Amino acid sequence: MIGHELSGYVASGPDAGKLVVINPYVSCGACRACRRGKPNCCSAISVLGVHRDGGMCARIAVPAENVYPADDLTPQQAAMVEFLAIGAHAVARSCTGRGTSCS
Ligand SMILES: [Zn+2]
C-alpha cells in the first residue's frame, strides 16, 4: 500500500482518460474536524498509499472530491502537487514574509 504522492487517469465517466491530481487524504466529512472545514484533521482520515491502496496499484478507487484536473501538467508533475501544496501552505501560514512579524 505505498504511493501516497500520486496522479492518475480517470477510468470511466465523462472525464475518462483525463489526467488528474489526486489528494490522497480521504476524510469522512462527518466528524467534528470535517464539519469545521478541517478535513486534514479528520478523526477517521484514511490516506491513499498509507491506510489504503495508493499510487503503486494499477487501479484504485478515489472519491470524486479528491481529484482535480491536472491541465497541462505531466503525470510526474501532477504527482508532486500534494507535497508542494503542503510546503506552500506552511509558508503562507508562517511569519517569514518580508515586512511580516510574529507576535
Ligand atoms: Zn472526518
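Residues numbered from 1 in each chain as written. Predicted model: local features only at pLDDT ≥ 70, side-chain atom pairs only at ≥ 80, totals over all residues. Heavy atoms only, no water.

Draft legend 1. Local environment of the overall build of the protein chain. Regarding its fold elements, the protein chain presents three helices and five strands. The principal-axis extent of the C-alpha atoms belonging to the protein chain is close to 50 × 35 × 25 Å. Counting all 103 residues of the protein chain, 22% fall into the buried class. A fraction of 56% describes how many contacts in the protein chain between residues 6 or more apart in sequence connect residues 24 or more apart. Accessible area for the protein chain stands at about 7300 Å²; split by element, carbon and sulfur atoms hold 56% of it. (Helix = DSSP H or I, 4+ residues; strand = E, 2+ residues; numbered from the N terminus. Buried < 20%, exposed > 50% of the residue type's maximum accessible area, 1.4 Å probe, protein only. Contact = heavy atoms within 4.5 Å. Areas by Shrake-Rupley, 256 points an atom, 1.4 Å probe, with all protein chains shown as cover.)

Draft legend 2. Representation of unusual backbone geometry in the model. The phi dihedral of aspartate 71 is positive, around 50 degrees, even though this residue is not glycine. Position of aspartate 71 relative to the elements: it lies in the loop between strand 5 (67-69) and helix 2 (75-79). You can call aspartate 71 exposed: its relative accessible area is 66%.

Draft legend 3. Quick look at the coordination of the zinc ion. Around the zinc ion, the protein contributes the donor atoms Cys28 (SG), Cys31 (SG), Cys34 (SG) and Cys42 (SG), which lie 2.3 Å from the metal centre. Considering all four donor atoms around the zinc ion, angles at the metal cover 103 to 119 degrees and the coordination shape is tetrahedral. If you list the donors of the zinc ion from N- to C-terminus, the spacing comes out as C-x2-C-x2-C-x7-C. Judged by its relative accessible area of 39%, cysteine 28 is partly exposed. (Donors = N, O, S within 2.8 Å, 3.2 Å for Na, K, Ca; no water. Tetrahedral: all angles 85-135°; square planar, octahedral: opposite > 155°, others 65-115°.)

Draft legend 4. Inspection of the environment of proline 63 at higher detail. Within the secondary structure, proline 63 is located in the loop between strand 4 (46-47) and strand 5. The spacing of proline 63 and serine 43 is 20 residues in sequence and 18 Å in space, taken between C-alpha atoms.

Draft legend 5. Structural context of the sheet that holds strand 1 (residues 7-9). As summarised here, the arrangement of the three strands in space is 1-2-5, forming an open sheet in which the pairing is antiparallel. Strand pairing shows two members of the sheet lacking a second neighbour, strand 1 and strand 5, which therefore form its edges. Within the sheet, the average angular offset between the axes of one strand and its neighbour, ignoring direction, is 40 degrees. Note that strand 2 (residues 19-22) and strand 5 share three bridges and pair antiparallel. Residue valine 21 lies in a different strand from strand 5, and its bridge partner there is tyrosine 68. (Pairing = 2+ DSSP bridges. Axes fitted to C-alpha atoms, helices over the stretch in contact; angles between N-to-C directions.)

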